[in-house]
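Chain residues, written in single-letter form:
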Amino acid sequence: VFDRAALSAPPYRSSARAGACPADACLRLRPVRLSGRAWRGEPDTCAQPGALVGSGVPFSSCSKRIGQRISTLHIRKTSMAALGFVNSSPAIGSLRESASAVAQTNTAPFAGADVPVGTSCFSSLGAICAASGLAAVGLASGKKQRKAKTTVVSTRQFVARHALDQSSRDEDLSLDEDPSDLLACSRRGLAVVQGAAAGAPRMRSLPTSVRNSGGIDQWNMKHADLKRLKVMLDGMCLATTVDEALEEVHAIMSLGRNFWAYAYMRTLYSKKPDVYYGTLLAKPATLLPVVYTPTVGEACQKFGKLPFQRRGCYISLNDRGDIKSVLEEYAAAELTQGPDGRYLCECIVFSDGGRILGLGDLGTWGMGIPIGKLDLYTACAGFNPHRTMPVIIDVGCSGAAGNSDKVVVRDHELYTGMKQDRKKHTSEAGTAVNSAYYGTDSLIGEFMQAAADVFGTKCLLQFEDFNSNDAFPLLAEYRDKFLTYNDDIQGTAAVAVAALMGAIKLRKPKCTDLVGELGSQTFLFHGAGSANLGTLKLLSQEAGVPKSKIFVTNSRGVIWRSKDGKEGSFRNGEQKGFAQVGKPTYDASNLADTIEHIKPSCLIGAVGVAPGCFDKKVVDALVRVNGSERPSMFAMSNPGDKAEITARDAYTWSNGRVIYASGTGFEPVEVDGKTFAPGQVNNIYIFPGVSFGAISCQASTIPERFFMVAAEAIANTLDEAD
């Protein structure tokens with residue numbers, strides 16, 4: 001970062017004669033942070049390696065006030081693992097060769113070296129050039145250039161602004177644009193800094209439509225709405241400190257629409273990741289609902305309508321056979337390297353967007369979920385965000401009929417992924433599954449093996465928001481081969497069981513054997529998706545609850561099977577495993593009638609597509625069959641507008657009798673002068689800790705027992721005040 005005083009003092013004025021920049025009057029360097037990884041310059045030191053010396057290329061436009069000529073860059077060693085090149089002409093070749101030769105000496109004490117720079121290099125690029133372990137600093141020329149193709153060899157761009165424009169802020173700069181646009185950077189006092197490892201420009205790890213448009217900036221500039229929104233969001237997000245960011249996001253939230261706060265936080269991450277996480281950690285109760293549930297549901301439905309940002313790796317069907325190189329490209333741009341040269345990644349959250357929350361198939365727009373999930377990994381468990389990777393597997397997307405709100409996603413002009421339907425086939429279990437995930441050339445298998453090859457076998461690979469028909473067989477296939485689990489199945493199960501044990505503590509405060517007491521309860525699960533089926537399995541296999549005490553419904557009512565298993569209302573093997581033997585003699589499709597017959601003490605809903613299905617008749621029946629005992633009623637579907645029942649309806653209709661909890665948080669409710677604060681049964685209490693524990697203990701696999709232990713731990717944290 002260039003010092004304002006140094007720039008305004010002689011000899012950096014237009015009156016200075018060419019070549020009058022002595023080494024003892026060089027620009028002073030200050031430390032600057034690049035994406036959370038420090039470039040440690042010498043603070044306020046003059047006449048140090050890293051200065052601009054020599055003569056050659058004239059500065060123009062606003063740079064005339066500096067009036068220096070540059071033909072040589074004096075380069076110094078920095079603490080960054082690797083810095084790349086910007087290349088626009090053959091003239092850069094000698095620079096690349098010279099810098100590469102010097103870079104080979106970076107293990108020894110390095111006092112500095114002069115590297116010749118061709119005139120066309122600076123006149124067309126005006127960039128900072130660098131080599132592995134070394135940094136070279138220069139000011140861009142403002143001279144208007146004829147349009148020419150500019151190729152970025154490095155994988156990521158940063159902008160460090162010298163102090164000519166006090167009102168300016170850090171921002172990303174595309175180096176794939178017209179050099180005249182690039183050089184406008186210098187007119188505002190910008191110098192371009194190349195970060196991450198040298199390599200090809202990041203293209204393969206972008207979603208298909210963005211890649212085909214020429215890159216991130218081209219995509220945003222191509223669409224008028226995105227272009228204008230980017231200007232608006234950049235204008236809203238001016239914070240450079242946590243306090244400033246809190247003021248800005250609070251002002252936006254005061255308007256009562258958290259979606260805009262979500263857009264602000266995403267912009268803040270793109271500009272200043274460390275400030276982003278500092279802000280999130282400063283006010284987690286306020287901001288976690290902004291960056292994740294409930295806001296993330298709406299954000300995913302509109303994800304492509306926001307300016308595209310660099311965070312997130314996309315793997316499509318077209319990458320089959322070469323997924324490893326896609327991961328390597330993203331890692332080079334976004335991750336750090338260890339002493340052995342391997343990119344450091346502790347956790348990958350990956351989804352195919354096939355079942356985003358209770359919203360259905362959103363395809364690549366579902367990237368908001370892996371991103372949000374990893375934010376919680378950092379905020380709640382302390383994961384280093386620069387060692388995590390959000391991934392979307394793109395095998396197509398269903399039309400509007402494939403999501404619950406019938407939102408146009410795949411056919412929208414701003415859809416970022418492959419504009420084709422998913423190719424499916426009928427599995428042996430009779431379910432429709434994504435064909436690309438199975439067989440010897442399984443896309444999921446190749447992805448997981450590639451991740452293990454690039455990042456090591458201790459890198460956690462977390463399945464997220466796959467359709468249930470794929471979620472269960474994929475988990476069964478890979479859970480013993482890689483360090484992996486499915487949070488929708490196992491994480492949801494653990495937090496649901498924890499909540500069920502918490503409800504027992506409310507009913508029986510002196511109970512010391514919560515797991516044993518689960519066996520005395522009767523459970524009715526409304527909905528047979530991955531969330532409820534995972535809970536069924538955990539209760540049965542780890543808590544020892546008899547299957548005769550567990551009932552589950554699907555769209556046909558209570559699931560049943562014949563004694564020989566040949567007939568029944570089940571849709572897949574997982575449902576069949578918990579089907580009641582014998583066809584019900586009551587109206588099993590009517591939930592209130594089913595409650596009257598089964599008499600459950602716990603009603604758990606995770607339907608996703610039937611908001612409000614726990615109506616007053618259902619509540620009345622549940623309270624009636626439990627007599628003097630307080631029944632549990634959980635509305636697990638996310639986001640809040642998909643909940644089976646709201647907190648207000650549950651407490652009001654039951655006169656405060658039910659023990660209520662929901663997947664999305666609801667505000668406290670007052671009934672007859674008493675305030676009821678609903679609990680939130682959300683995976684946030686499980687997956688950060690389970691994942692961090694698995695990483696910390698160097699686990700090879702994640703057994704089901706992990707989740708039962710986690711559930712017990714959470715239930716036992718409830719104290720008398722809770």
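Residues numbered from 1 in each chain as written. Predicted model: local features only at pLDDT ≥ 70, side-chain atom pairs only at ≥ 80, totals over all residues. Heavy atoms only, no water.

**Focus on the pairing of strand β24 (residues 602-605)**
And then number 1: Of the two faces of β24, the one carrying C602 and I604 and the one carrying L603 and G605 are both buried.
And then number 2: Relative to β24, strand β19 (residues 523-526) is paired through four bridges, and the arrangement is parallel. When the sheet's bridge partners are listed, F525 is paired in β24 with I604.
And then number 3: Pairing geometry for β24 and strand β25 (residues 632-635), over four bridges, is parallel. What sits directly across from I604, in β25, is F634.
And then number 4: Taken together, β24, helix α22 (residues 616-625) and β25 constitute a β-α-β crossover, and its handedness is right-handed. (Buried < 20%, exposed > 50% of the residue type's maximum accessible area, 1.4 Å probe, protein only. Helix = DSSP H or I, 4+ residues; strand = E, 2+ residues; numbered from the N terminus. Pairing = 2+ DSSP bridges. Right-handed = clockwise from strand over helix to strand, strands pointing away.)

**Some details on the pattern of salt bridges**
And then number 1: Across all of its chains, the model carries 28 salt bridges by this definition.
And then number 2: Salt-bridge contacts for R311 lead to D375; the nearest nitrogen and oxygen are separated by 3.0 Å. Taken together, the residues span a long stretch of sequence, with R311 in the loop between α12 (295-301) and β12 (313-316) and D375 in helix α14 (residues 368-381) at a distance of 64 residues.
And then number 3: Look at D375 and you get buried, because its relative accessible area is 0%.
And then number 4: Ionic contacts of the salt-bridge type, sharing partners, join the residues R204, R211, D319 and D322 into one network. (Salt bridge = Lys/Arg side-chain N within 4 Å of Asp/Glu carboxyl O.)

**Examining the pairing of β25**
And then number 1: The two faces of β25 match: S632 and F634 on one face and M633 and A635 on the other face are all buried.
And then number 2: In this sheet, strand β26 (residues 659-662) lies alongside β25 in parallel orientation, the contact comprising four bridges. Bridging from a neighbouring strand, S632 pairs with I659 of β26.
And then number 3: Handedness of the β25-helix α23 (residues 647-653)-β26 crossover: right-handed.

**Examining the packing of aromatic side chains**
The way to describe two aromatic rings as a pair is by their centre distance and the angle between their planes.
And then number 1: Here the structure, examined in full by the defined rule, presents 19 aromatic pairs.
And then number 2: Ring geometry for Y276 versus Y277: centroids 5.0 Å apart, planes at 85 degrees, classification edge-to-face. Like Y277, Y276 is buried.
And then number 3: Between the aromatic rings of F350 and F463, the centroid separation amounts to 4.6 Å while the plane-to-plane angle is 50 degrees, which identifies the pairing as tilted. Separated by 113 residues along the polypeptide, F350 in strand β13 (residues 347-351) and F463 in strand β17 (residues 460-463) bring together distant segments of the chain.
And then number 4: Assessed through its relative accessible area of 0%, F350 is described here as buried.
And then number 5: Feature note: the residues F350, Y437, F447, F463 and F466 constitute an aromatic cluster, connected by ring pairs.
And then number 6: Residue placement shows R266 over the ring face of Y262; its charged tip is 5.4 Å from the ring centre.
And then number 7: The ring of F578 carries K547 above its face, with NZ or CZ at 4.9 Å from the centroid. (Phe/Tyr/Trp six-rings, centres within 6.5 Å; stacked < 30°, edge-to-face > 60°. Lys NZ or Arg CZ within 6 Å of the ring centre and 35° of its normal.)

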